[in-house]
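Chain residues, written in single-letter form:
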Amino acid sequence: MKVNLSSKDIHHGSLIVVNGEHGLPFNYSCQTFPVDEHSGIRMQRNAAVLLGKLLESAGNGEIVLVSGCRTAEEQQKIWDESLRENGREFTEKYVARPFHSEHQTGLAIDLGENRENIDFIRPDFPYDGVCGEFRRRAADYGFVERYSKGKEKITGIAHEPWHFRYVGVPHAEIMNAKDFTLEEYVHWLRKFRYGHSPLVFRKESLCAEISFLETRGAEIELTEPFSVSGNNYDGFIITQIRRADSSCTGAIS
């Protein structure tokens, strides 16, 4: 089928990079849905549905939803309050400015271990117990720990073991295998050009071909099922899924 990619589409999709360098447009909006019936926390539909399934598989009730999608006004309030209460150094390490926060995309979630007192900005989410089990299962549902230790210079944010980002399948699994941040992954994908040399990922009976199209708008022909995500600055990442056969060999399997 023919797919029309417009300049505004570049700011949407599960693989957009939102950080200090690449912000969201001031008119950015996305449709969100509740993750559960109680918390009031919302995310984009796929992220909300898959997070609910991931929590159920890992130990629902022992992990608390702390913060999901935020408006620009809510992000500004958190920034201002943190400046007053914690100072600039702390705030710049742990809080993003409005339009530079993943929480405005509806693709990010902060989680905490279910305790009596939970810190809103830095909730406890250890690497063992039910939280460790959540991490081990996360990539199967399209989630990655977004701000890893040792990657602070790349992400511009301090290590945040509580902050997870929906990037989709199979991207989460590839990122974990390569130990990539989202910035590193999206940059790496640039060498797999659409129509020429896709990245081929095989898992069991499925084969994914992933490629990059550098443009702010185009019309392309794709075979279903597929997904297209902008990177938020200069192009699109195209993922096409098919059943694995003898031709499904490539960089990762």
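First, a word on scope: everything that follows refers to the structure included in this document. Source: prediction; values computed, not measured.

What counts and how
Residues numbered from 1 in each chain as written. Predicted model: local features only at pLDDT ≥ 70, side-chain atom pairs only at ≥ 80, totals over all residues. Heavy atoms only, no water. Pairing = 2+ DSSP bridges. Helix = DSSP H or I, 4+ residues; strand = E, 2+ residues; numbered from the N terminus. 1 Å grid on protein atoms, 1.4 Å probe; cavity = no way out; pocket = protein on both sides within 12 Å on 5 of 7 lines; lining within 4 Å. Points joined across faces, edges and corners; volume = space filled by probe spheres on them. Nonpolar A, V, L, I, M, F, W, Y, C, P; charged D, E, K, R; others polar. Phe/Tyr/Trp six-rings, centres within 6.5 Å; stacked < 30°, edge-to-face > 60°. Buried < 20%, exposed > 50% of the residue type's maximum accessible area, 1.4 Å probe, protein only. Axes fitted to C-alpha atoms, helices over the stretch in contact; angles between N-to-C directions. Parallel < 35°, antiparallel > 145°, perpendicular 65-115°, else oblique. Left-handed = near helix turned anticlockwise from the far one by under 90°. Contact = heavy atoms within 4.5 Å. Disulfide = S-S within 2.5 Å. Expected span 1.5 Å × (residues − 1). Arc of directions from axis to C-beta.

## Re the pairing of strand β11 (residues 226-230)
Thought 1: In this structure, β11 lies alongside strand β12 (residues 235-243), joined through five bridges in antiparallel fashion. Across the sheet, residue S227 finds its bridge partner in β12, namely T239.
Thought 2: Counting the residues that bridge the hairpin from β11 to β12 gives four residues, and of these N232 lies at a positive phi of roughly 85 degrees.

## Considering the layout of surface pockets
Thought 1: Roughly 790 Å³ of internal volume is contained in the largest pocket.
Thought 2: Looking at the largest pocket, it is lined by 37 residues, and the ones nearest its centre are G168, V169, P170, S227 and T239.
Thought 3: Of all the elements, β11 adds the most residues to the lining of the largest pocket, at five residues.
Thought 4: A breakdown of the residues in the lining of the largest pocket according to their chemical character gives 18 nonpolar, 13 polar and six charged.
Thought 5: Counted as a void, the second largest pocket has a volume near 370 Å³.
Thought 6: Lining the second largest pocket are 26 residues, with Y94, V95, A96, R97 and I157 positioned closest to its centre.
Thought 7: A breakdown of the residues in the lining of the second largest pocket according to their chemical character gives 11 nonpolar, nine polar and six charged.

## Some details on the packing of aromatic side chains
Within a pair of aromatic rings, the relevant descriptors are the distance that separates the centres and the angle that separates the planes.
Thought 1: Evaluated as defined, the whole model comprises 10 aromatic pairs.
Thought 2: On the numbers, 6.2 Å between centres and 35 degrees between planes, the contact of Y94 with W162 is tilted. In this pair, Y94 sits in helix α3 (residues 88-94) while W162 sits in strand β7 (residues 160-166), placing the two residues 68 residues apart along the sequence. As far as the burial class goes, Y94 and W162 line up, both buried.
Thought 3: Measuring from ring centre to ring centre gives 5.7 Å for F125 and F134, while their planes differ by 90 degrees; the resulting arrangement is edge-to-face. The same class applies to F125 as to F134, namely buried.
Thought 4: Feature note: the residues F180, Y185, W188 and F192 constitute an aromatic cluster, connected by ring pairs.

## Observations concerning helix α7 (residues 182-189)
Thought 1: Within α7, six of the eight residues are buried, which leaves the element mostly enclosed by the surrounding structure.
Thought 2: All buried positions along α7 are accounted for by L182, E183, Y185, V186, W188 and L189.

## Structural notes on the packing of helix α1 (residues 45-58) against helix α4 (residues 129-138)
Thought 1: Between α1 and α4, the least distance of the axes is 9 Å, while the angle of their chain directions is 130 degrees. If you check the angle between α1 and α4, you find them oblique. By crossing handedness, the relation of α1 to α4 is classed as right-handed. Packed against α1, whose contacting residues are L51, L54, L55, S57 and A58, the element α4 presents V130, E133, F134, R137 and A138 at the interface.
Thought 2: Taken together, the residues of the contact of α1 with α4 sort by class into seven nonpolar, one polar and two charged.

## Things to note about the state of the cysteines
Thought 1: Per the counting criterion, the structure on display carries zero disulfides.
Thought 2: Distance from the sulfur of C69, which forms no disulfide, to the nearest cysteine sulfur (C30) is 4.6 Å.

## Considerations on helix α2 (residues 72-86)
Thought 1: Counted at 1.5 Å a residue, the expected span for α2 with its 15 residues is 21 Å, and the 20 Å between its end C-alpha atoms agrees.
Thought 2: Buried within α2 we find A72, Q75, I78, W79 and S82. One side of α2 carries all its buried residues, which in axial view fall inside an arc of 125 degrees. Set apart from the buried face of α2 by more than 90 degrees, the exposed residues are E73, K77, R84 and E85.
Thought 3: Where α2 is buried, its residues touch α3.
Thought 4: Backbone geometry just after α2 places G87 at a positive phi near 90 degrees.

## Points about the sheet that holds β11
Thought 1: Taken together, the four strands give an open sheet; going across it, the order is β8-β9-β12-β11, and neighbouring strands pair in antiparallel fashion. One side of each edge strand has no neighbouring strand; the edge strands of this open sheet are β8 (199-203) and β11. Across this sheet, the average inter-strand angle for adjacent strands is 20 degrees, counted without regard to direction.
Thought 2: Looking at chain direction, β8 and strand β9 (residues 206-214) are connected through five bridges and run antiparallel. Residue V200 lies in a different strand from β9, and its bridge partner there is E209.
Thought 3: Contacts from helix α6 (residues 171-178) reach β8, β9 and β12, with the element oriented near 100 degrees to β8.

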